[in-house]
Amino acid sequence: MRTSFVFSEVVTGLRRNVTMTIAMILTTAISLGLLGGGLLVVRMVDKMQANYAGKLEVSVLLTNDVSANDKDCTQQPCSGLRSALEQTSGVESVVFQNRDDGFERFKRIFEAQPELLKLARPEAIPATFRVKLEDPERTDVIRQAFEGKPGVKAVDDQGKFLERFFEGLNGLRDVALILALIQAFAALLLISNTIQVSAFTRRVEVGIMRLVGATRWYTQLPFLIEAVVAGIIGSVTAVGGLVLFKAFFLDRITRNLTESGIIPPTGYLDILIVSPWLFLVAIVISATTGYVTLRLYVRL
Amino acid sequence: MIRLEHVSKVYKTSTRPALDDVSVEMEKGEFVFLIGPSGSGKSTFLRLLLREEVPTRGRVYVSNFDVAKMSRRRVPRLRQSIGCVFQDFRLLPTKTVAENVAFALEVIGKPRNTIVKVVPEVLQLVGLDGKEDRFPTELSGGEQQRVAIARAFVNRPLVLIADEPTGNLDPDTSQDIMLLLERINRTGTTVIMATHDHGIVDSMRRRVVELSYGKVVRDDARGVYGVGR
Ligand SMILES: Nc1ncnc2c1ncn2[C@@H]1O[C@H](COP(=O)(O)OP(=O)(O)O)[C@@H](O)[C@H]1O
Ligand SMILES: [Mg+2]
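Definitions and limits used
Residues numbered from 1 in each chain as written. Chains lettered and ligands numbered in written order. Predicted model: local features only at pLDDT ≥ 70, side-chain atom pairs only at ≥ 80, totals over all residues. Heavy atoms only, no water. Helix = DSSP H or I, 4+ residues; strand = E, 2+ residues; numbered from the N terminus. Rg over C-alpha atoms; globule rule 2.2 N^0.38 Å. Buried < 20%, exposed > 50% of the residue type's maximum accessible area, 1.4 Å probe, protein only. Contact = heavy atoms within 4.5 Å. Areas by Shrake-Rupley, 256 points an atom, 1.4 Å probe, with all protein chains shown as cover. Lys, Arg positive; Asp, Glu negative; His and termini not counted. Charge placed at Lys NZ, Arg CZ, Asp CG, Glu CD. Buried area = accessible area lost by both parts, 1.4 Å probe. Salt bridge = Lys/Arg side-chain N within 4 Å of Asp/Glu carboxyl O. Polar contact = N/O pair within 3.5 Å; in protein donor to acceptor, adjacent residues only side chain to side chain. Pairing = 2+ DSSP bridges. Near = heavy atom within 4 Å. Nonpolar A, V, L, I, M, F, W, Y, C, P; charged D, E, K, R; others polar. Patch = residues over 30% accessible without salt bridge, like charges linked within 9 Å, V, L, I, M, F, W, Y side chains within 5 Å. Phe/Tyr/Trp six-rings, centres within 6.5 Å; stacked < 30°, edge-to-face > 60°. Axes fitted to C-alpha atoms, helices over the stretch in contact; angles between N-to-C directions. Parallel < 35°, antiparallel > 145°, perpendicular 65-115°, else oblique. Left-handed = near helix turned anticlockwise from the far one by under 90°. Domains from an automatic or database assignment.

This next bit is on the overall build of chain B. If you tally the helices and strands in chain B, you get 7 helices and 10 strands. A compact globule built from 229 residues would reach a C-alpha radius of gyration of about 17 Å, and chain B, at 17 Å, matches this within 12%. Taken across its 229 residues, chain B has 52% of its residues classed as buried. Taking all contacts inside chain B whose residues are at least 6 apart in sequence as the whole, residues at least 24 apart take part in 68%. A total accessible area of about 10400 Å² is found for chain B, and carbon and sulfur atoms account for 48% of it. Of the side-chain charges in chain B, 35 are positive and 29 negative, and the distance between the mean point of each set is 7 Å.

What follows is the structure, given as structure tokens:
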């Protein structure tokens, strides 16, 4: 196989259909970009789940009365609640956090948002038992036993909150993947169409090739490589798009959440890890589409 | 070398057979004219040899290829041993004379050093040395046909097929092309030429196979185009 020949054919082919080639590359890039975005969300959720797995807590919030008057949890009902919690089976540790500690913690989390801090008063923060469970899933036990007891204002379950948060993220991922799929379909049609046009504009050349006894490989490979090259350029564009999206958009809107440790930051490393998949998908899809198109629609 | 046994070809879109029970044999090194009016089946005959069409009935042999029965995968091998020339030259307008000839070798995977050696040789043979860097539009019809012949012959085929190669040329130029085909024939290459040019057939005195409505109606070893035409 003369590679120089095949590649000069590919370059001529791509240049001959510049507008189609650009459309094909852009559609592929958008599709892959969305796919990449979806994969980044998947990675983020995975990281978060790993992050929180050992740290999930149930918070037992105490009433205003207790919060204001029993700073060290020495009186009833606070001390009674503490020992009851400690004796509940499945509880690993119980930490008492009074109103002042809670306010400090709040200030730390939201230090990036001074407007919010200005509005906050320590009186709004209840004293809290932070309960760590051996099995973070079994939060219902605490809720059932302590909700409504004297001195208890509410039982706050981080797990439930996180679950809803993950549901939101997974929804985002699904939307990205569905859009990616629709775009991929458009990309597929464009690739197929480009190959057909390309084969038509080169019919004289291909006719001569067939006549002088070129094998199927020689007549079809340029078209196939043309599609794959466009796919690869598309995936490079998509990766570039993801980098720009991270640098100029994602970092800005998620800075507060990442700095306070609520969601893990998406790094360039994440994009680097996702991009080989985008290349692979681009190559597989363009090669398959190319091959099927040549088989079904182009008589070479 | 070439043998057709009871070959019929009926195209899907027509009822009348383009070839009707044709049996004919051609030896290695022969020069054969295939004559007959337009629509008599000459091009169909040649396309069957190239496996551009398959016969509806009968068998076709070229060299040691069972053309009608062979698998698609082997068709390139068959075509590499046959050279083709047409009335309309079929050159690539974006390539020079030398590139057009080299193209035929490139696409069958011949190595570069072979190509740079044999292309000038064949251009010399057809009398185009000095014009290798011209584009087809910068050549006369006769010169373009020489390029096409060079391309057909550069891989030293066993058979050269020419479908009305002089159809677009004036009589003098046609005569030059015939001399070139004769020279190629003298190298041992079988030449089969479809034509309805009386003058050429009559002056060459070669074997003549005449088709009429898809049937072989005459096969003369040293024929003329025909009487009363
Ligand atoms: N591809 C085709 N499809 C249908 N009919 C064809 C095709 N090619 C040739 N024919 C018909 O077959 C007959 C023989 O044609 P052809 O072999 O081209 O004759 P010639 O070359 O002698 O003019 C004609 O009637 C023609 O219309
Ligand atoms: Mg014809």
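Right, picking up where we left off after that structure.
If you look at the interface, chain A gives 15 residues, while chain B gives 21 residues. Buried surface at the junction of chain A and chain B, both sides included, amounts to about 1600 Å², of which 62% is carbon and sulfur. Linking chain A with chain B are 1 salt bridge, by the criterion used here. Here R210 of chain A and E52 of chain B are joined by a salt bridge, their closest N and O atoms 3.6 Å apart. For the pair chain A and chain B, the number of links is 2 residue pairs in polar contact (both at pLDDT 80 or more). Elements with a minimum of two residues in the side of chain A that touches chain B: α1 (3–16), α9 (203–211) and α10 (216–259) of chain A. It is α9 of chain A that contributes the most residues to the side of chain A that touches chain B, 6 residues altogether.

Moving on, we come to the pairing of strand β7 (residues 159–163) of chain B. Walk down a regular strand and you will see the side chains alternate between the two sheet faces. Residues and elements named next belong to chain B. Of all 5 residues in β7, 5 are buried; the element is thus mostly enclosed. Bridge analysis of strand β6 (residues 82–86) against β7 gives 5 bridges, and the strand direction is parallel. Along β7, the bridge assignment pairs G83 with L160. The pairing of β7 with strand β8 (residues 190–195) spans 5 bridges and is classified as parallel. The partner of L160 across the bridge, within β8, is V191.

What follows is about the site of ligand 1. All names here are of chain B. Residues in close proximity to ligand 1 total 13 residues, the closest being R16, G39, K42, S43 and T44. G39 places a main-chain nitrogen or oxygen 2.6 Å from an oxygen atom of ligand 1. Within the backbone of S40, a nitrogen or oxygen atom sits 3.3 Å from an oxygen atom of ligand 1. Computed on the free molecule, ligand 1 has an accessible area of 560 Å², of which 66% lies beneath the protein chains in the complex. Here the residues of the shell around ligand 1 sort into 3 nonpolar, 7 polar and 3 charged.

Another aspect to go through is the environment of R16 of chain A. Residue and element names in this part refer to chain A. In this fold, R16 is placed in helix α1. Overall, R16 belongs to the partly exposed group, its relative accessible area being 38%. C-alpha separation for the pair R16 and T201, spaced 185 residues apart in sequence, amounts to 8.6 Å. Sequence-distant contacts of R16, defined by excluding residues within four places in its chain, comprise T201, R202 and E205.

Residues and elements named next belong to chain A. Together, V175, I178, L179 and I182 make up an exposed nonpolar region whose accessible area comes to about 370 Å². Tracing the chain through its elements places I182 in helix α8 (residues 158–201). A relative accessible area of 52% places I182 in the exposed class.

This part covers the packing of aromatic side chains. Residue and element names in this part refer to chain B. Here the structure, examined in full by the defined rule, presents 3 aromatic pairs over all chains. Ring geometry for F31 against F33: centres 5.3 Å apart, planes inclined by 55 degrees, an arrangement best described as tilted. Accessibility expressed as a relative area gives 3% for F31, which makes it buried. Residue classification places F33 among the buried residues on the basis of a relative accessible area of 0%.

Another aspect to go through is the sheet that holds strand β4 (residues 152–157) of chain A. All names here are of chain A. Here 4 strands make up an open sheet; going across it, the order is β2-β3-β1-β4 and the pairing antiparallel. Each edge of the sheet is formed by a strand with only one pairing partner; in this case those strands are β2 (91–97) and β4. Adjacent strand axes in the sheet meet at a mean angle of 20 degrees when their direction is disregarded. Bridge analysis of strand β1 (residues 57–62) against β4 gives 5 bridges, and the strand direction is antiparallel. Paired with L61 across the two strands is A154, which belongs to β4. The sheet contacts of α8 involve β1 and β4, and relative to β4 the element is tilted by about 45 degrees.

Taken as a whole, this structure holds 20 salt bridges over all chains when the rule is applied. Between R3 of chain B and E5 of chain B there is a salt bridge, with its nearest N and O atoms 3.0 Å apart. A residue is classified by how much of its surface remains accessible, and E5 of chain B, at 28% relative accessible area, is partly exposed. Between E210 of chain B and R218 of chain B there is a salt bridge whose closest N-O contact spans 3.0 Å. When its relative accessible area of 18% is taken as the criterion, R218 of chain B is described as buried. What emerges from the salt-bridge pattern is a single network uniting R43, K47 and D270 of chain A.

Here we take up the packing of helix α3 (residues 97–106) of chain B against helix α4 (residues 112–125) of chain B. Describing two packed helices takes the angle between their axes plus the distance from one axis to the other. Residues and elements named next belong to chain B. At their nearest, the axes of α3 and α4 sit 10 Å apart, and the two run at 130 degrees to each other. One element, α3, and the other, α4, form an angle in the oblique class. The crossing of α3 and α4 is right-handed. Packed against α3, whose contacting residues are V97, A98, V101, A102, L105 and E106, the element α4 presents R112, I115, V118, V119, V122 and L123 at the interface. Of the residues belonging to the contact of α3 with α4, the class tally is 10 nonpolar, no polar and 2 charged.

What follows is about the domain arrangement of chain B. Residues and elements named next belong to chain B. The assigned domain composition of chain B is domain 1 (1–81 + 157–224) and domain 2 (92–156). Contacts between domain 1 and domain 2 engage 15 residues on the former and 12 residues on the latter. Carbon and sulfur atoms supply 71% of the area buried between domain 1 and domain 2, which totals about 1200 Å² over both sides. It is Q80, P157 and L180 that lose the most area in domain 1 upon contact with domain 2, and together they represent 41% of the buried surface on that side. One can count 0 salt bridges joining domain 1 with domain 2. Summed over the shared surface of domain 1 and domain 2, the result is 3 residue pairs in polar contact (both at pLDDT 80 or more). It is helix α6 (residues 171–186) that contributes the most residues to the side of domain 1 that touches domain 2, 7 residues altogether. Partitioned by chemical class, the residues of the side of domain 1 that touches domain 2 number 9 nonpolar, 4 polar and 2 charged.

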